[in-house]
Amino acid sequence: MKNNSITAIILTKNEEKHIARCIGSLAGVCDEVLVIDSYSEDNTCVIAERLGAKVFRHEWKNYASQFNYGLTCCPVSSEWVWRIDADEYLDGSIGRAVKDALADCDDDVNGVYVRKRIDFMGRPLLHGGWYPSYHLKIIRRGHGCCEARWMDEHLRISGGRTITVSEGNQVDANLNSLTWWTEKHNGYATREMMDELMAEYGLQDTAGGVEPRFWGTEEERKRWLKMRYIRMPLFLRPLLNFVYRYVFRGGFRDGREGLVWHFLQGFWYRFLVDAKIFEVKKRCGWRRHEIVSYLKNFQF
């Protein structure tokens, strides 16, 4: 039988609302759980250790560097690594299906795509192009890492091929308030602003990253579409994105929760990114060399 042992890596910062649900859903699926904590001030670490997780503390820089720290600097002994956020959990038969797939897969398989679902305000978002959505969440140890980006980072495998498990869901269901959500997305907007400007001015390190290809994997297709989105006029593109997802992709079918989600995530958040890009360019007098200097010296 193939070695289908799995280690889950969870990144945390003040996740006491979510961590028990996340770790509990991994029971019988993951052989060990590593929590990489960026110095939580609540009971996250206490709860995680009580549930059998190994906790390591490491200063936060960004998601990619934190995950890669866990991948390369912490004692991962399993054959496979599962990336799961603290506010996510495994639902349905996804865990058993993944274990079975890993036991039967060929030696050249180094990654597994699983189906992700987003729940917002307690409601699953099943329309607007958000579901079903498949993400590379499981990689063979030593054959992949997280690409280094400010935002929109993905796991990448360094060779071989991937398989897809379409049973069950990896559910993203944050339990915090809408105030928390908007504050967090304000920070995301700054990272997205940096990511887009660095791509626009040729400062993005694309080595080993996701290649933008329309006919490729879901991540490659999204990266291709994002590159086209970046080239669209500021302030117009958030409106087009909202209309496309909410109207043409049927986001309105997810009720009032869907309206809130698509307006905030599809329009407000994207508009905020554009406003921050506009602010930087105006502050730098629209001069390329000053914008490049700002980006090189930026500290979040």
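Residues numbered from 1 in each chain as written. Predicted model: local features only at pLDDT ≥ 70, side-chain atom pairs only at ≥ 80, totals over all residues. Heavy atoms only, no water.

Peer 1: I'm lost on a nonpolar patch on the surface in this one. Help?
Peer 2: The grouping of Phe235, Phe271, Phe278 and Trp286 at the surface amounts to a nonpolar patch, some 380 Å² of accessible area in total. Following the sequence through the fold, Trp286 ends up in the loop between helix H8 (255–283) and helix H9 (288–296). (Patch = residues over 30% accessible without salt bridge, like charges linked within 9 Å, V, L, I, M, F, W, Y side chains within 5 Å. Areas by Shrake-Rupley, 256 points an atom, 1.4 Å probe, with all protein chains shown as cover. Salt bridge = Lys/Arg side-chain N within 4 Å of Asp/Glu carboxyl O. Helix = DSSP H or I, 4+ residues; strand = E, 2+ residues; numbered from the N terminus.)

Peer 1: Can you help me understand the environment of Lys116 in this one?
Peer 2: Note on placement: Lys116 falls in strand S6 (residues 109–120). Take Lys116: its relative accessible area is 15%, and that puts it in the buried class. Expressed as a C-alpha distance, the spacing of Lys116 and Trp130, which sit 14 residues apart in the sequence, is 8.7 Å. Those residues in contact with Lys116 that sit more than four places away from it in its chain are Glu88, Trp130, Tyr131, Ser133, His135, Gln170 and Asp172. (Buried < 20%, exposed > 50% of the residue type's maximum accessible area, 1.4 Å probe, protein only. Contact = heavy atoms within 4.5 Å.)

Peer 1: Any chance you could explain the packing of helix H7 (residues 236–248) against H8 here in plain terms?
Peer 2: Helix-helix packing is characterised by the crossing angle of the two axes and by the distance between the axes. Running from amino to carboxyl end, H7 crosses H8 at an angle of 160 degrees, the nearest separation of the two axes being 8 Å. On the basis of the axis angle, H7 is roughly antiparallel to H8. The handedness of the crossing between H7 and H8 is right-handed. Facing H7, whose interface residues are Arg237, Pro238, Leu239, Asn241, Phe242, Arg245 and Tyr246, H8 presents Gly258, Leu259, His262, Phe263, Gly266, Phe267, Arg270, Phe271, Asp274 and Ile277. Of the residues that constitute the contact of H7 with H8, the class distribution is nine nonpolar, four polar and four charged. (Axes fitted to C-alpha atoms, helices over the stretch in contact; angles between N-to-C directions. Parallel < 35°, antiparallel > 145°, perpendicular 65-115°, else oblique. Left-handed = near helix turned anticlockwise from the far one by under 90°. Nonpolar A, V, L, I, M, F, W, Y, C, P; charged D, E, K, R; others polar.)

Peer 1: In this structure, what is going on with H7? I would like to understand it.
Peer 2: Residues that lie three or four places apart on an α-helix share one face, since the helix turns once every 3.6 residues. With 13 residues, H7 should cover 18 Å at 1.5 Å per step; its first-to-last C-alpha distance of 17 Å lies within 8% of that length. Summarising the contacts, the buried residues of H7 are in contact with helix H5 (178–200), helix H6 (218–230) and H8. One or two residues past the end of H7 sits Gly250, with phi positive at roughly 80 degrees. (Expected span 1.5 Å × (residues − 1).)

Peer 1: I would appreciate a short explanation of the packing of aromatic side chains in the present structure.
Peer 2: The geometry of an aromatic ring pair is captured by two quantities: the separation of the ring centres and the angle between the planes. With the rule as written, the count across this model stands at 17 aromatic pairs. An angle of 85 degrees between the planes, with centres 6.1 Å apart, marks the rings of Phe242 and Phe263 as edge-to-face. Placement of the pair is Phe242 in helix H7 and Phe263 in helix H8, with a sequence separation of 21 residues. Look at Phe242 and you get buried, because its relative accessible area is 15%. For Phe263, a relative accessible area of 39% corresponds to the partly exposed category. With a centroid separation of 5.8 Å and 50 degrees between ring planes, the pair formed by Tyr294 and Phe298 is classed as tilted. Members of the aromatic cluster, connected to one another through ring pairs, are Phe235, Phe242, Tyr246, Phe252, Phe263, Phe267, Phe271, Phe278 and Trp286. Looking at Arg245, its charged tip hangs above the ring of Trp130, at a distance of 4.6 Å from the centre. Across the ring face of Tyr229, the terminal group of Arg270 is positioned such that the distance to the ring centre comes to 6.0 Å. (Phe/Tyr/Trp six-rings, centres within 6.5 Å; stacked < 30°, edge-to-face > 60°. Lys NZ or Arg CZ within 6 Å of the ring centre and 35° of its normal.)

Peer 1: Whenever I open this one, the pairing of strand S4 (residues 80–83) confuses me. Can you help?
Peer 2: A regular strand carries its side chains on alternate faces of the sheet. Burial along S4 is two-sided: Trp80 and Trp82 facing one way and Val81 and Arg83 facing the other are all buried. Relative to S4, strand S1 (residues 6–12) runs parallel, the two being bridged by four bridges. Within the sheet, the bridge partner assigned to Ala8 lies in S4 and is Trp82. (Pairing = 2+ DSSP bridges.)

Peer 1: Would you mind going over the packing of H5 against H8 with me for this structure?
Peer 2: Orientation of H5 relative to H8, taken along the N-to-C sense of each, is 50 degrees, at an axis distance of 8 Å. Taken together, the axes of H5 and H8 lie oblique to each other. Crossing of H5 against H8: the hand is right-handed. Looking at side-chain class alone, the contact of H5 with H8 contains 14 nonpolar, five polar and six charged residues.

Peer 1: Got a minute to help me understand the state of the cysteines in this structure?
Peer 2: By definition, a disulfide is the covalent link that joins the sulfur atoms of two cysteine residues. All chains considered together, the criterion is met by zero disulfides. Of all cysteine sulfurs, the one in Cys73 lies closest to Cys74, which takes part in no disulfide; the gap is 6.6 Å. By relative accessible area, Cys74 is classed as buried at 7%. Cys145 forms no disulfide, and the closest cysteine sulfur to it belongs to Cys146, at a distance of 7.3 Å. (Disulfide = S-S within 2.5 Å.)

Peer 1: Sorry, what's going on with the pattern of salt bridges here?
Peer 2: For side chains bearing opposite charge, pairing can occur when the charged atoms are close. Tallied over the full model, the rule gives 25 salt bridges. A salt bridge links Asp91 to Arg117, with the nearest nitrogen and oxygen atoms 3.8 Å apart. Remark: Arg117 occurs in strand S6 and Asp91 occurs in strand S5 (residues 88–91); sequence separation between them is 26 residues. Its salt-bridge partner being Arg223, residue Glu147 comes within 2.8 Å of it at the nearest N-O pair. In this pair, Glu147 sits in the loop between strand S9 (144–146) and strand S10 (155–157) while Arg223 sits in helix H6, placing the two residues 76 residues apart along the sequence. Of the two residues examined, Glu147 and Arg223, each falls in the buried class. One salt-bridge network, held together by shared partners, links Glu147, Arg149, Asp152, Glu192, Asp195, Arg223, Lys226 and Arg270.

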